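Residue-level structural notes
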Amino acid sequence: MAAAALVTENFKFVSLFFKSKDVMIFNGLIALGTVASQTAYSVFAFNCPCSSGKNYRYGLAAIGVPALVFFLVGVMMNNNTWDLVSECRLRQCRKLSGAAAFAVLGNIVGRAVVAPLTWVVISLLQGQAYTCALSEFFNASTVEGFPSDNGSEVMAKFPCEGSVPTELQGFWAEIERQLKYQSQLIGWLLVAGMSLMVFLLLCMKRCSSPLGYQQEDYWSQYRSNEKSLFQRTAAVHARLLAAENIKSFFGFVALEKEEKEQLAEHQGVSPVCSTNWNRVTGVYLYREKNGLPLYSRLNKWATYNLENNMEAMDKEMDAIY
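All figures in this text were calculated on a predicted structure; none of them were measured in a lab.

What counts and what doesn't
- Residue positions are given per chain, counting from 1 as you read along its sequence in written order.
- Per-residue local features of the predicted model are confined to residues with pLDDT of at least 70, and side-chain atom pairs are confined, for both listing and counting, to 80 or more; whole-chain, interface and lining totals are unaffected and use all residues.
- Where side-chain values are given, they derive from all heavy atoms of the structure, hydrogens and water being excluded.
- The way it works is that DSSP assigns letters per residue, a run of H or I at least four long becomes a helix, a run of E at least two long becomes a strand, and they are numbered from the N terminus.
- Exposed residues in this analysis have more than 50% of their type's maximum accessible area, buried residues have under 20%, and partly exposed residues fall in between, with area computed by a 1.4 Å probe over protein chains only.
- Here, residues are in contact when the closest pair of their heavy atoms is within 4.5 Å.
- Here the Shrake-Rupley method, with its probe set to 1.4 Å, supplies the accessible areas, and only the displayed protein chains count as covering residues.
- Throughout, an axis means a line fitted to C-alpha atoms (over the contacting stretch in the case of helices), and angles, computed between N-to-C directions, take values from 0 to 180 degrees.
- When an angle is under 35 degrees it counts as roughly parallel; over 145 it counts as roughly antiparallel; between 65 and 115 it counts as roughly perpendicular; any other value is oblique.
- Here a crossing is called left-handed whenever its near helix is offset anticlockwise from the far helix by less than a right angle, and right-handed whenever the offset is clockwise.
- Residues are sorted three ways: Asp, Glu, Lys and Arg are charged, Ala, Val, Leu, Ile, Met, Phe, Trp, Tyr, Cys and Pro are nonpolar, and all the rest, Gly among them, are polar.
- UniProt positions are given in the numbering used here, feature names are shortened, and annotations may be inferred rather than shown by experiment.

A separate point is the overall build of the protein chain. A tally of helices and strands in the protein chain yields 14 helices and two strands. Counting across all 321 residues of the protein chain, residues that qualify as buried make up 37%. The contacts of the protein chain with a sequence gap of at least 6 include a subset with a gap of at least 24, amounting to 70%. Of the roughly 18,500 Å² of accessible surface on the protein chain, 62% is carried by carbon and sulfur atoms.

This is the structure in structure tokens:
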């Protein structure tokens, strides 16, 4: 039983990350956008101070600060972040097990690190930030013929060719080449590590999934369609409810022809109670009822609503998996 539970939880985590082709395409677009941003920054904004004590901080900031910003933006743009926040606010996370929390947090972090890792990798492959940051710590003894009496103050000037003392100009290309070699080696190792991790996650998904490939694909399509239809319907519902209230206040409401037809077709639009909003909001992992799949919180709410069993609904809507 424990092994089966572990396999199920593994599936839930990886299916959250790879549940939609749209997600993979979105991640690809994020990576491409990050590459373009990094390239533009390197060309137009990067300017190493070439000063001992400042190079290291500037180089690390050039790599780390944008990566941190991309990570935080990725966390904020992930709907699962706010599902988790809602889960803790509405239900105090009392039904959120450690495994489920790990699955959701894994999804949030896994998708948020796409842009930061891309930024770091491109920065390392270009080598400018690394060369700036590590120049003052470079071991000059590895360069044949380099004078041994030059300290970090002199080495810090090497990222800026024009600042290098005249007698050391001949060593500039070799030192830059070695620093870029180190930077690109770390970058390629990071790429290899990321690729291996993605491959292992995909293998884990296929091996641990209790669902067949067709049903997984159907689940992805269902979630995508439910989200788009829900948002579109919510927008129309909000517009019609606003129209009803404005008409009640002014005695009339200025609507377009299509909106008038919608208002005539859906007379008496009423607000959705907060209880039902809360029931369809929060963390949700794959679940079944009597052998039939429940693909989302909304799907589960609709199933129990048809049975008109409020007691069972209140109990089950709190369950995550």
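What follows is about the packing of helix α3 (residues 55–77) against helix α6 (residues 114–126). As a packed pair, α3 and α6 sit with axes 8 Å apart at the nearest point and diverge in direction by 160°. As summarised for this structure, α3 and α6 are arranged roughly antiparallel, according to the angle between their axes. α3 and α6 meet at a crossing whose hand is right-handed. Between α3 and α6, the contacting residues are Ala62, Ile63, Pro66, Ala67, Phe70 and Phe71 on the first element and Ala115, Pro116, Trp119, Val120 and Ser123 on the second. Along the lines of polarity and charge, the residues of the contact of α3 with α6 split into 10 nonpolar, one polar and no charged.

This part takes up the UniProt feature "transmembrane region" (unreviewed entry) in the protein chain. With numbering matched to this structure, UniProt assigns "transmembrane region" (unreviewed entry) to residues 25–46, 58–77, 98–122 and 185–204. Along residues 58–77 one finds 100% helix and 0% strand; the C-alpha atoms at either end are 28 Å apart. Taken end to end, residues 185–204 comprises 100% helix and 0% strand; its first and last C-alpha atoms sit 29 Å apart.

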